[in-house]
Amino acid sequence: MRVLITGAAGFIGTNMTKRLLEEGHSVTGTDNLYCSSERNYKQFLPNPNYTFIKHDIRDSLEDLFREPFDQIFNFACPASPPNYQRDPLYTLDTCTNGLVNVLELATKMHAKVLQASTSEIYGDPLEHPQKESYRGNVNIFGVRACYDEGKRVGETFCFNYNKSKNTRIKVIRIFNTYGPFMDPGDGRVISNMVMQGLRGGDITVFGDGNQTRSFQYIDDLIEGIIRVMATEDDFIGPINLGNPSEFTIKEFAELILEMTGNKSKIVRKDLPLDDPKKRKPDISLAKEKLDWEPKIELKNGLEKTIEYFRNLENL
Ligand code: UDP
């Protein structure tokens, strides 16, 4: 199978590349390296089934490739709050014009295209856990809107390309995910706290730490995505992919402290604006449609992640 991955040097793109190459597929990756790392894609260059092209999806993709793809995964977008808030217009442009370029390519090639949407489309949710039918509670004037609204209209683009142009789309909503090939400096809670723990620095809890998140290990997500891609064309989503076991950020910090085993202590910092108070996926649809649910418990996933970051520190 011939596969295109945009955002191929990012966290999910790298893990998906690894899995597809292991299965013997031919993978082309594109990335503009806005907030991803050369290290991530360079490891695959010796593989004859892998090609990397430095490209920004905000520019047309149509003249880049000679042969058509069977599948396209669109992972190209900054996803951590500090990264997507750094240049809100860039984030919006990537979520809209960038996605349209990907959809145009998929339509032309008659390829299946999977859009990485997000639990952020639920905003600061008033329904808990969040089902796909929940319409969300997003502050359109807020600092997170460039990403939240960008991803919301991204879904609308996908559903309307499917309706108007028969584009073979799949929309997944990804909840907090962690694991190897995350960027240690992207500012997310897992990478922040693990790096702080490993370096013996203070572990920063934003606000009172009673806000919750549900953390999914990357291998579970990748398996879910592969299963979504394998569904028939009449299944277009949206579908939640996440781990329903919910933790407060305070509990999470304590676990990291225990597992990294350093002299760190927990310190409080201000809660960022519009920080969602809770988040937990309802995954009944994924169970029913994909026969999928996460298998890796937080502690096991964290062990592998800590190991990855520890090796990175020793480079
Ligand atoms: N957070 C924290 N300390 C950090 C980074 C984040 O307490 O060093 C909190 C943040 O305020 C949020 C949660 O952890 O409530 C998850 O934040 P993250 O940036 O990973 O992603 P989000 O789920 O908010 O998009």
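These numbers come from a predicted model, not from an experiment. (Residues numbered from 1 in each chain as written. Predicted model: local features only at pLDDT ≥ 70, side-chain atom pairs only at ≥ 80, totals over all residues. Heavy atoms only, no water.)

J.: Honestly, the site of the ligand in this entry has me stumped. Any pointers?
T.: Around the ligand, a shell composed of 18 residues is seen, among which Thr 204, Phe 206, Arg 213, Asp 275 and Arg 279 lie nearest. Between the ligand and the protein, one listed contact pairs an oxygen atom with a side-chain N or O atom of Arg 144 at 2.9 Å. In the model, an oxygen atom of the ligand is placed 2.7 Å from a nitrogen or oxygen of the Arg 213 side chain. Across the complex, the protein chains shield 96% of the 520 Å² of accessible surface that the ligand would expose by itself. Looking at the shell around the ligand, the elements that each hand over two or more residues are helix H6 (189-199) and strand E8 (203-206). When the residues that make up the shell around the ligand are grouped by side-chain class, the tally is seven nonpolar, five polar and six charged. (Near = heavy atom within 4 Å. Polar contact = N/O pair within 3.5 Å; in protein donor to acceptor, adjacent residues only side chain to side chain. Areas by Shrake-Rupley, 256 points an atom, 1.4 Å probe, with all protein chains shown as cover. Helix = DSSP H or I, 4+ residues; strand = E, 2+ residues; numbered from the N terminus. Nonpolar A, V, L, I, M, F, W, Y, C, P; charged D, E, K, R; others polar.)

J.: Looking at this model, I keep getting lost on the state of the cysteines. Mind explaining?
T.: In protein chemistry, a disulfide is the covalent bond that joins the sulfur atoms of two cysteines. This model, assessed by the stated rule, comprises zero disulfides. Free of any disulfide, Cys 77 has its nearest cysteine sulfur in Cys 95, 3.6 Å distant. Residue classification places Cys 77 among the buried residues on the basis of a relative accessible area of 18%. Not part of a disulfide, Cys 146 finds its nearest cysteine sulfur in Cys 95, a span of 7.7 Å. (Disulfide = S-S within 2.5 Å. Buried < 20%, exposed > 50% of the residue type's maximum accessible area, 1.4 Å probe, protein only.)

J.: Sorry, what's going on with the packing of aromatic side chains here?
T.: Geometrically, a pair of aromatic rings is defined through the distance of the ring centres and the angle of the planes. This model, assessed by the stated rule, comprises 12 aromatic pairs. On the basis of an interplanar angle of 25 degrees and a centroid distance of 5.8 Å, the ring pair of Phe 73 and Phe 75 is categorised as stacked. For the pair shown, Phe 73 and Phe 75 are each scored as buried. Summarising the aromatic geometry, the rings of Tyr 84 and Tyr 147 are spaced 4.4 Å apart at their centres and angled 10 degrees between planes, so their arrangement reads as stacked. You can see Tyr 84 sitting in helix H3 (residues 81-86) and its partner Tyr 147 sitting in helix H5 (residues 145-165), a full 63 residues away along the chain. Looking at Tyr 84, the relative accessible area reads 1%, which means it is buried. (Phe/Tyr/Trp six-rings, centres within 6.5 Å; stacked < 30°, edge-to-face > 60°.)

J.: What am I meant to see in the pairing of strand E5 (residues 112-118) here?
T.: Each regular strand carries side chains that alternate between the two faces of the sheet. Counting buried positions along E5 yields seven of seven residues, so the element is predominantly enclosed. Burial along E5 is two-sided: Lys 112, Leu 114, Ala 116 and Thr 118 facing one way and Val 113, Gln 115 and Ser 117 facing the other are all buried. Where E5 lies against strand E6 (residues 168-174), seven bridges are found, and the strand directions are parallel. Its bridge partner lying in E6, Ala 116 is registered against Ile 172. Viewed along the sheet, the connection from E5 through H5 into E6 turns out right-handed. (Pairing = 2+ DSSP bridges. Right-handed = clockwise from strand over helix to strand, strands pointing away.)

J.: For this particular structure, what's the right way to read unusual backbone geometry?
T.: Only a minority of non-glycine residues have a phi that is not negative, and only a minority of peptide bonds are not trans. Residue Pro 129 is reached from His 128 by a cis peptide bond, and omega for that bond is -10 degrees. Take Pro 129: it is sitting in the loop between E5 and H5. Following Gly 237, the chain continues to Pro 238 via a peptide bond in cis, the omega torsion being 5 degrees. One can find Pro 238 in the loop between helix H7 (218-229) and strand E11 (239-241). The phi dihedral of Phe 181 is positive, around 75 degrees, even though this residue is not glycine. Mapping Phe 181 onto the fold places it in the loop between strand E7 (177-178) and H6.

J.: Would you mind showing me how to read the pattern of salt bridges here?
T.: For side chains of opposite charge, pairing can occur when their charged atoms come near one another. Considering all chains together, one arrives at 22 salt bridges under this definition. The residue Glu 293 makes a salt bridge to Lys 287 at a minimum N-O spacing of 3.9 Å. By relative accessible area, Lys 287 is classed as partly exposed at 43%. The structure contains a network of salt bridges with shared partners spanning Glu 120, Arg 144, Arg 213, Asp 275 and Arg 279. (Salt bridge = Lys/Arg side-chain N within 4 Å of Asp/Glu carboxyl O.)

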